[in-house]
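Structure assessment
Listed below, chain by chain, are the residues.
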There are 2 protein chains.
Amino acid sequence: MNGYSGTMSSDKVRVGILSTAAIVGKVLPGLKHGMEVVGVASRDRQKAQDFCKEHDCGVGMLYDEMLERDDVDVLYIPLPTGLRNERIAQAISRGKHIYSEKPMGGTAAELAELTKLCEEKGLQWMDGTMWYHSIRTKEIEKKLRNGDLGQVLRVSASFTFMAPDEAWLQGGNGRTDKSREPMGCLGDQGWYPLSAILWAFGWIMPEKVMCTHVTMNKVDTIVHCAGTLWFPGNRSAVFDCGCTAPHRSQYEIICEKGTVRVDDLVGGQQRTGNFAAYEVPFVGSSEYVQGDVMGKDEVMRAEACDHVNLLVDDLANCIRAIKAGGKPDPDWPHRSLAVHKVMSAVFESAQKGGAAVEIVS
Amino acid sequence: MNGYSGTMSSDKVRVGILSTAAIVGKVLPGLKHGMEVVGVASRDRQKAQDFCKEHDCGVGMLYDEMLERDDVDVLYIPLPTGLRNERIAQAISRGKHIYSEKPMGGTAAELAELTKLCEEKGLQWMDGTMWYHSIRTKEIEKKLRNGDLGQVLRVSASFTFMAPDEAWLQGGNGRTDKSREPMGCLGDQGWYPLSAILWAFGWIMPEKVMCTHVTMNKVDTIVHCAGTLWFPGNRSAVFDCGCTAPHRSQYEIICEKGTVRVDDLVGGQQRTGNFAAYEVPFVGSSEYVQGDVMGKDEVMRAEACDHVNLLVDDLANCIRAIKAGGKPDPDWPHRSLAVHKVMSAVFESAQKGGAAVEIVS
């Protein structure tokens with residue numbers, strides 16, 4: 001227990017939502033669970049009001065109105081990456097904590113500036129990588145960090161699924177249209193394996209990365225991407241992502257003394273074919289496989305949980321700690337920046353025809 | 001049934017063994033099961049005779065004596081790769097069918113010459129890649145080839161285990177001493193993931209390969225190696241191998257309409273930690289996992305089998321067919337040459353500091 005029960009009115013963290021994007025439907029129950037939802041902002045007041053009425057989540061308003069409200073502690077910002085940073089900068093200047101949907105937008109330098117501004121203003125930054133917050137993830141993290149498994153040697157991570165139809169694949173979705181998501185499926189799906197790799201390596205940065213395989217769609221957007229990462233000490237990682245292959249959401253971590261495998265990295269649906277688990281709140285992520293040095297596997301049980309609820313709880317606790325006089329937790333902005341740096345380098349490699357790109361620390 | 005019951009004396013295939021290497025202990029029961037073992041040859045007659053007495057496998061003799069025997073159809077040649085090709089060339093010139101242990105020795109051009117000589121003389125060539133011959137492998141092969149799973153998009157394959165001790169790692173074993181195995185653990189363990197990748201892709205050759213990560217031991221021999229392969233149509237494969245990580249023996253094949261995963265590529269021990277299964281005959285390889293396009297897994301059952309028995313049966317059947325007037329099966333020498341070409345290219349990449357190496361068809 002951290003001392004913040006969340007039941008006292010003074011402990012309430014109040015959140016505003018910038019956008020009526022589809023993902024809000026998934027995140028909203030978590031926001032309601034751990035915070036007080038003040039309302040939703042949109043470019044279109046009526047749209048925001050309709051959304052709030054339909055989802056019972058406070059007051060609909062325009063973006064600028066939301067930014068000016070004194071009764072909003074944190075803004076959840078799932079705007080498209082191309083539009084997001086300008087709003088984030090405004091929110092920081094108005095003293096709001098930031099809960100930014102992933103992937104990050106803009107350059108790594110731009111993101112570094114935003115997270116630095118947050119730190120300077122004593123504001124918490126957190127991105128919407130839900131799987132970091134699961135009980136399973138935290139259990140594995142502990143094992144990786146306490147040395148029981150020895151050094152991490154290699155990580156393999158993937159997030160792929162098959163586009164539902166040709167129109168979707170050829171630009172009909174935000175992920176497959178570079179005007180909406182410049183890194184395409186590398187940005188959208190790639191965020192997961194790349195974040196899993198960096199997390200497994202304890203946030204050590206790779207020395208260089210290479211996009212070894214890339215497939216573009218008819219509107220010149222990445223729809224499939226594979227690559228390799230070089231970590232200090234001849235240690236390696238590989239990833240693949242995109243919407244041109246069957247559904248796989250997985251990582252394998254090879255350590256000196258054993259292995260850890262998860263077959264539902266992103267969500268809690270395991271390998272059941274329940275793809276709809278991505279669209280709705282779920283309770284899961286209750287298993288992983290640990291192998292020993294001789295290759296003997298053991299299925300490990302973790303407490304099932306709702307990733308979104310736990311993410312919102314972690315963020316609310318950070319904000320409560322700051323309200324009580326503490327400082328922002330630097331881990332969360334650090335993670336966002338690290339993944340975005342590596343992902344941007346992979347994107348640069350893809351643009352350079354697969355040339356290796358060094359990561360400058 | 002192929003019409004060769006193996007019970008008639010005229011159907012007997014007679015095999016001689018060149019070397020008293022440790023692997024003979026594993027292969028011998030299979031040779032006895034499917035052929036008539038004439039004897040074992042060594043540089044040292046006494047050593048050969050002692051071996052034959054101990055293992056009840058015919059007559060001990062010198063290499064040249066074995067090559068001259070008229071009652072030997074096929075020679076099983078598990079000599080170290082540095083010594084093997086000279087003996088193979090002699091055996092071919094004496095009209096013997098060839099059962100060569102893997103990995104192949106010498107250059108790809110040298111191997112192409114040997115397999116061509118076999119073909120010209122109407123002799124069968126087969127290497128000792130046991131897993132090709134399992135009932136499970138043949139079932140999966142059928143699924144991959146008949147189009148049910150669509151095109152193969154990406155393959156990931158690994159064979160690693162941890163060296164038992166520091167002396168073993170630093171050159172104390174044939175795999176870790178380049179004077180005995182020039183490609184070190186890339187040759188020894190790498191054969192498995194690379195053969196699995198080429199097999200999964202239906203023996204299409206990659207356009208280029210890259211050794212992305214390599215670790216050398218104190219005697220300048222590869223003990224760990226990872227890489228990526230480029231196949232036509234933006235299709236990809238990754239592999240890792242070596243003796244510096246926990247035991248993993250696995251492949252994942254991503255096809256357009258589903259996935260196939262095997263967690264005991266090399267042997268039949270599954271992920272039980274029974275590493276000793278590599279040293280003795282085993283019956284296993286009875287499971288694999290097939291996933292559909294939505295990520296739903298199904299555990300598939302195959303008939304358990306002894307890989308070595310089935311390899312020897314396949315080879316004996318080839319030889320019987322040739323004795324009956326047929327021609328050698330070109331698939332087996334083709335496989336040996338393909339894997340050796342790709343492995344040699346990965347080795348070249350390692351020697352060139354990880355530069356991509358193109359494969360010339």
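Quick caveat: nothing in here was measured; it's all calculated off a predicted structure. (Residues numbered from 1 in each chain as written. Chains lettered and ligands numbered in written order. Predicted model: local features only at pLDDT ≥ 70, side-chain atom pairs only at ≥ 80, totals over all residues. Heavy atoms only, no water.)

**Things to note about the relation of the copies chain A and chain B**
Mapping chain A onto chain B leaves a residual RMSD of 0.0 Å; the transformation is a rotation of 180° accompanied by 0.0 Å of translation along its axis. This pairing of chains is accounted for by a two-fold axis. Both copies present the same face, since 100% of the interface residues in chain A are matched by interface residues at the equivalent positions in chain B. (Least-squares fit on C-alpha atoms with pLDDT ≥ 70 in both. Contact = heavy atoms within 4.5 Å.)

**Re the state of the cysteines**
All names here are of chain B. Under the definition given, this model contains zero disulfides over all chains. Cysteine Cys185 is unpaired, with the sulfur of Cys243 as its nearest cysteine sulfur at 3.5 Å. Cys305 takes part in no disulfide bond, and the closest cysteine sulfur, belonging to Cys318, lies 17 Å away. A relative accessible area of 5% places Cys305 in the buried class. (Disulfide = S-S within 2.5 Å. Buried < 20%, exposed > 50% of the residue type's maximum accessible area, 1.4 Å probe, protein only.)

**What about the UniProt feature "domain: GFO/IDH/MocA-like oxidoreductase" (unreviewed entry) in chain A?**
With numbering matched to this structure, UniProt assigns "domain: GFO/IDH/MocA-like oxidoreductase" (unreviewed entry) to residues 139-261 of chain A. Across residues 139-261 of chain A, helical content stands at 24% and strand content at 44%; the span's end C-alpha atoms are separated by 13 Å. (UniProt positions renumbered as here; feature names shortened; annotations may be inferred. Helix = DSSP H or I, 4+ residues; strand = E, 2+ residues; numbered from the N terminus.)

**A word on the packing of helix H5 (residues 108-120) of chain B against helix H11 (residues 331-351) of chain B**
All names here are of chain B. With their axes 9 Å apart at the nearest point, H5 and H11 run at an angle of 175° to one another. By the angle class used here, H5 and H11 are roughly antiparallel. Contacts from Ala108, Leu111, Ala112 and Thr115 in H5 reach Pro333, Ser336, Leu337, His340 and Lys341 in H11. A breakdown of the residues in the contact of H5 with H11 according to their chemical character gives five nonpolar, three polar and one charged. (Axes fitted to C-alpha atoms, helices over the stretch in contact; angles between N-to-C directions. Parallel < 35°, antiparallel > 145°, perpendicular 65-115°, else oblique. Nonpolar A, V, L, I, M, F, W, Y, C, P; charged D, E, K, R; others polar.)

**Observations concerning the sheet that holds strand S2 (residues 36-42) of chain A**
Residue and element names in this part refer to chain A. Taken together, six strands build an open sheet; the order of strands is S3-S2-S1-S4-S5-S6 and the sheet is parallel. Two strands close off the open sheet at either side, each with one partner strand: strand S3 (59-62) and strand S6 (125-127). Within this sheet the neighbouring strands show an average axis-to-axis angle of 25°, counted without direction. Relative to strand S4 (residues 74-77), strand S1 (residues 14-18) runs parallel, the two sharing three bridges. Pairing of Val15 across the sheet is with Val74, part of S4. (Pairing = 2+ DSSP bridges.)

**Quick notes on the interface of chain A and chain B**
On the chain B side, the residues contacting the 44 residues of chain A number 44 residues. If you look at where chain A meets chain B, you find six salt bridges. Notably, a salt bridge pairs Arg154(A) with Asp240(B), separated by 3.5 Å at the nearest N-O pair. Counting the contacts that link chain A with chain B gives 21 residue pairs in polar contact (both at pLDDT 80 or more). Mapped onto the side of chain A that touches chain B, the elements with two or more residues apiece are strand S7 (152-162), strand S8 (208-216), strand S9 (222-231), strand S10 (235-242), strand S11 (244-255), strand S12 (258-262) and strand S13 (287-292) of chain A. Tallying contributions element by element places S11(A) first for the side of chain A that touches chain B, with nine residues. Counted by class, the side of chain A that touches chain B contains 16 nonpolar, 16 polar and twelve charged residues. (Salt bridge = Lys/Arg side-chain N within 4 Å of Asp/Glu carboxyl O. Polar contact = N/O pair within 3.5 Å; in protein donor to acceptor, adjacent residues only side chain to side chain.)

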